[in-house]
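# Coordinate analysis (summary)
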Amino acid sequence: MSWVVPVVSLLKMGTPMYAIVAPAIQGQFDSATLPQIKKSIELLGFEKVYEVALGADAVAWEEQAELAEKMEAGVPMTTSCCPAFVNLAKMHFPKIYENNMSTVVSPMMALARKLKKDHPDHGVIFIGPCLAKKQEAMESFTAVDYVLTFEEVAAMMIAKHINPAEVEAKEEDYPSIFGRNFAQGGGVGKAVAQVAKEKAMAAPVGVYADGCMECKKQLTLMKFGKFTGNILEGMACPGGCIAGPAVIEPPMVAKGRMAKENIGNQKTIEESVESFDFTGVPMHRK
């Protein structure tokens, strides 16, 4: 399913729209920096581009609070960021989906809700490496209008002769490195643990399930009371979102570029949440 045509049509009509980019976009366009990539997307006609990593910081903050309640009750919890993992649990482990899965929405949905709350007259377009996000954008609780993949946006840039590496841009408001690392396998669990550290609370024991087979294995262990951690991070794509089906660069190349560009980012998750206020934004599915 492709939504390039309706998005391009809306852009040509001058419809006010925001683009929100997945953390995995960092390092995807050759030597272009993240600010250059964001500026290039704006040149396609979007009013402004926001990092979904801002939503990831807010999700980690909210998810840690939910996990703390689960830990006190002695109940393990799963993450809810990967829509394919959520679907796996919902379809094949319905009791775990109801009782153990975090009710916090994904970073994409959290940021989209924030933007829709502040600017209800604007469209919100998610750009990422994931096909399952297209399905998530059609859920009843969605605040996302359309989803484009990195490949589709790259094609749009080529059509308008935009080379991100040649665009002049500067860094503006930015999220924590923990929010940006949601793109990599294990990054969600580490972010939740970081929130616990910042709050001076007990650190959770995290287990990372890399790929659908490992997700199914860990969910089965949870079903029979054999799960050994407090929180299960499930990612359908081995390696995380940087290994999604619609990425442009090989995962290890993108991972190296991300690490290099994020050197010096000392912002805490709390500082990120305070700078981009999610107060009044519904953060849960239910």
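A short tour of the structure in this document, coming up. Bear in mind that the values here come from a model prediction, so they are computed numbers and not experimental data.

Per the secondary structure count, the protein chain includes 13 helices and seven strands. Scaling as 2.2 N^0.38, a compact globule of 286 residues should have a C-alpha radius of gyration of about 19 Å, and the protein chain matches this with 18 Å. In terms of its C-alpha atoms, the protein chain occupies a principal-axis envelope of roughly 55 × 40 × 40 Å. Out of the 286 residues belonging to the protein chain, those deemed buried represent 53%. The contacts of the protein chain with a sequence gap of at least 6 include a subset with a gap of at least 24, amounting to 78%. Separation between the mean location of the 29 positive side-chain charges and that of the 33 negative ones in the protein chain comes to 5 Å.

With respect to the helices and strands, the residue glutamate 51 is situated in strand β2 (residues 48–51). Once the C-alpha coordinates of glutamate 51 and isoleucine 248 are considered, the two residues, 197 residues apart in sequence, prove to be 18 Å apart. Other than its neighbours up to four places away in sequence, glutamate 51 contacts Val21, Leu34, Lys38, Leu111, Tyr174, Pro175 and Arg180. A distance of 2.9 Å separates polar atoms of two side chains, one belonging to glutamate 51 and the other to arginine 180.

A few words now on the packing of helix α4 (residues 83–92) against helix α11 (residues 212–223). Following both chains from N to C, one finds α4 and α11 inclined at 45°, their axes separated by 11 Å at the closest point. Considered as vectors, α4 and α11 are oriented oblique to each other. Once α4 is placed against α11, the crossing between them reads as right-handed. In this structure, α4 contributes Phe85, Leu88 and Ala89 to the contact, and α11 contributes Cys212, Cys215, Lys216 and Leu219.

Here the focus is the pattern of salt bridges. On inspection of all chains with the given rule, the structure shows nine salt bridges. One salt bridge connects glutamate 42 with lysine 39, and the closest N-O pair in it is separated by 3.8 Å. With glutamate 42 and lysine 39 both in helix α2 (residues 34–42) and three residues apart, the pair spans about one turn of that helix. Looking at glutamate 42, the relative accessible area reads 23%, which means it is partly exposed. The salt bridge partner of glutamate 152 is lysine 134, with a shortest N-O separation of 3.5 Å. Here glutamate 152 is found in helix α8 (residues 150–159), whereas its partner lysine 134 is found in helix α7 (residues 132–136), with 18 residues between them in sequence. By relative accessible area, lysine 134 is classed as buried at 6%. If you follow the salt bridges from partner to partner, you end up with Lys38, Glu51 and Arg180 in one network.

The strand order across the open sheet built from three strands is β3-β7-β6, with neighbouring strands paired in parallel fashion. Both edges of this open sheet fall to β3 (77–78) and β6 (206–210), since each of them pairs with a single strand only. Bridging between β6 and strand β7 (residues 231–235) involves five bridges; their strand directions are parallel. In the strand pairing of β7, glycine 206 is matched with isoleucine 231.

Time to look at the packing of aromatic side chains. Tallied over the entire structure, the rule returns four aromatic pairs. Centre to centre, the rings of tyrosine 18 and tyrosine 50 are 5.5 Å apart; their planes meet at 85°, and the pair counts as edge-to-face. Taken together, the residues span a long stretch of sequence, with tyrosine 18 in strand β1 (residues 17–21) and tyrosine 50 in strand β2 at a distance of 32 residues. For the pair tyrosine 18 and tyrosine 50, a shared accessibility class is recorded, and that class is buried. Centre to centre, the rings of tyrosine 50 and phenylalanine 276 are 5.9 Å apart; their planes meet at 50°, and the pair counts as tilted. Of this pair, tyrosine 50 sits in strand β2 while phenylalanine 276 sits in the segment after α13 (269–275), and the two are 226 residues apart along the sequence. Neither tyrosine 50 nor phenylalanine 276 differs from the other in exposure class; each is buried. Through pairs of rings, three or more aromatic residues link up here, namely Tyr18, Tyr50, Phe276 and Phe278. Lysine 48 extends its terminal NZ or CZ atom over the ring of tyrosine 50, reaching a point 5.4 Å from the ring centre. Over the face of the ring belonging to phenylalanine 276 we find lysine 114, whose NZ or CZ atom lies 5.4 Å from the ring centre.

Further remarks concern helix α6 (residues 107–118). If you check α6, its first and last C-alpha atoms are 17 Å apart, about what twelve residues at 1.5 Å a residue would give, namely 16 Å. Along α6, nine of the twelve residues are buried, which leaves the element largely enclosed by surrounding structure. Along α6, the residues that are buried comprise Pro107, Met108, Met109, Ala110, Leu111, Ala112, Arg113, Lys114 and Leu115. As for α6, its buried residues are in contact with β1, β2, α3 (53–73), β4 (123–128) and α7.

Thresholds, definitions, all that
Residues numbered from 1 in each chain as written. Predicted model: local features only at pLDDT ≥ 70, side-chain atom pairs only at ≥ 80, totals over all residues. Heavy atoms only, no water. Helix = DSSP H or I, 4+ residues; strand = E, 2+ residues; numbered from the N terminus. Rg over C-alpha atoms; globule rule 2.2 N^0.38 Å. Buried < 20%, exposed > 50% of the residue type's maximum accessible area, 1.4 Å probe, protein only. Contact = heavy atoms within 4.5 Å. Lys, Arg positive; Asp, Glu negative; His and termini not counted. Charge placed at Lys NZ, Arg CZ, Asp CG, Glu CD. Polar contact = N/O pair within 3.5 Å; in protein donor to acceptor, adjacent residues only side chain to side chain. Axes fitted to C-alpha atoms, helices over the stretch in contact; angles between N-to-C directions. Parallel < 35°, antiparallel > 145°, perpendicular 65-115°, else oblique. Left-handed = near helix turned anticlockwise from the far one by under 90°. Salt bridge = Lys/Arg side-chain N within 4 Å of Asp/Glu carboxyl O. Pairing = 2+ DSSP bridges. Phe/Tyr/Trp six-rings, centres within 6.5 Å; stacked < 30°, edge-to-face > 60°. Lys NZ or Arg CZ within 6 Å of the ring centre and 35° of its normal. Expected span 1.5 Å × (residues − 1).

Bear in mind that shape data such as this cannot, by itself, settle questions of function.
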